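Spelled out from the first residue to the last, the chains are:
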Amino acid sequence: MKTSNQHIILQTNNLSIGYRNKSEETLIAKDINIQIESGALVALIGVNGVGKSTLLRSLSGIQDSLNGKILINGLQKNKLNSLELSTLISVVLTEQPISKNLSVYELIALGRQPYTNWIGTLSEEDKTHINQAIELVNISSLQHKKCYELSDGQLQKTLIARALAQNTPLVILDEPTTHLDIYHQAHVLKLLKDLTQRTNKSILFATHEINLALQLCDKIILMEKDKVSIGTPLELIEKDAFTNLFPTDLIIFDRSSQTFKINT
Ligand SMILES: Nc1ncnc2c1ncn2[C@@H]1O[C@H](COP(=O)(O)OP(=O)(O)OP(=O)(O)O)[C@@H](O)[C@H]1O
């Protein structure tokens, strides 16, 4: 992580997240206090169903939080309108409905929607951002292909390029390595790491690839049933934070190799 030119991009103060309908409120997590600096790659990890997607949706404004504060670039999220928010946070969700009839270039160009006029004409500045995003993700050879022609890994990179074209200081991704083999999982996560270093953007992503995240990320947000912790991988390892993440009859955390292993 860079040490100069850093400031806090995302901060939560006593945040509670969950679901609210007319008759009841379902609390998923409370007392969430996290800070993400510019240029940081941050993984959100936790067991299935603990609330990772709920947290990412709450941070990105797709759903309301129950209580507490979210500050983005120092601005209170609930005082921003959706256009202002879309210049601060770009989001890549799993299983996001996208029109696969679009070309790769057209899909990436959608990232410029917060900036284009009402008929969506691209300015020279929009085109510069689109071309930079294509270059950063290294997919210029794919730009004229239709999205239905892409492999899962290529589509994931295209969605990352769309988020980059949106030119926000914070990019949020929900499980960007789903459906990818271990080589492409590492490839996408290494790409995210390189992007934080080259652009000074902050990238927050939920993942089940904990071993890869431990090796690559500046910080980890560890979401458990009754608490959410944040720290560098080393800080969390030193606090024994991973030891009881999974039932130890099957999965153990090996401190010496800093990886999860099967308990044989
Ligand atoms: N629309 C909804 N209304 C009510 N509860 C929901 C809704 N969506 C999810 N939940 C519940 O919120 C909890 C957290 O779900 P969430 O999808 O955030 O977990 P997750 O950590 O992302 O899981 P996974 O790792 O399996 O993707 C679960 O108990 C889930 O059933």
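It should be emphasised that the depicted structure is a prediction, and the values quoted were computed from it without experimental measurement. (Residues numbered from 1 in each chain as written. Predicted model: local features only at pLDDT ≥ 70, side-chain atom pairs only at ≥ 80, totals over all residues.)

## Re helix 6 (residues 182-199)
Piece 1. Spanning 18 residues, helix 6 covers 26 Å between terminal C-alpha atoms, matching the ideal 26 Å at 1.5 Å per step.
Piece 2. Within helix 6 the residues assigned to the buried category are Gln 185, Val 188, Leu 189, Leu 192, Leu 195 and Thr 196. All buried residues of helix 6 fall inside an arc of 110° around its axis, so they share one side. Looking at helix 6, the residues exposed on the side facing more than 90 degrees away from the buried face are Tyr 183 and Arg 198.
Piece 3. In this structure, the buried side of helix 6 is in contact with strand 4 (41-45), helix 4 (124-137), helix 5 (152-165), strand 9 (202-206) and helix 7 (210-216).
Piece 4. Backbone geometry just downstream of helix 6 places Asn 200 in the positive-phi region, at approximately 65°. (Helix = DSSP H or I, 4+ residues; strand = E, 2+ residues; numbered from the N terminus. Expected span 1.5 Å × (residues − 1). Buried ≥ 20, exposed ≤ 12 C-beta atoms within 10 Å, placed from the backbone. Arc of directions from axis to C-beta. Contact = placed C-beta atoms within 7 Å.)

## Let's talk about the packing of helix 4 against helix 5
Piece 1. Where helix 4 meets helix 5, the closest approach of the two axes is 8 Å, and the angle between their N-to-C directions is 140°. Classed by the angle they form, the pair helix 4 and helix 5 counts as oblique. In the packing of helix 4 onto helix 5, the handedness of the crossing is right-handed. Judged by residue contacts, His 129, Ile 130, Ala 133, Ile 134, Leu 136 and Val 137 of helix 4 engage Lys 157, Ile 160, Ala 161, Leu 164 and Ala 165 from helix 5.
Piece 2. Grouping the amino acids of the contact of helix 4 with helix 5 by side-chain chemistry returns 9 nonpolar, 1 polar and 1 charged. (Axes fitted to C-alpha atoms, helices over the stretch in contact; angles between N-to-C directions. Parallel < 35°, antiparallel > 145°, perpendicular 65-115°, else oblique. Left-handed = near helix turned anticlockwise from the far one by under 90°. Nonpolar A, V, L, I, M, F, W, Y, C, P; charged D, E, K, R; others polar.)

## Observations regarding the site of the ligand
Piece 1. Around the ligand sit Tyr 19, Thr 26, Ile 28, Gly 46, Asn 48, Gly 49, Val 50, Gly 51, Lys 52, Ser 53 and Thr 54, and that is every residue in its neighbourhood.
Piece 2. Every element with two or more residues in the shell around the ligand is listed here: strand 2 (25-32) and helix 1 (52-60).
Piece 3. At 3 residues, the largest contribution of residues to the shell around the ligand is made by helix 1.
Piece 4. Class assignment of the residues belonging to the shell around the ligand gives a composition of 3 nonpolar, 7 polar and 1 charged. (Near = placed C-beta within 6 Å.)

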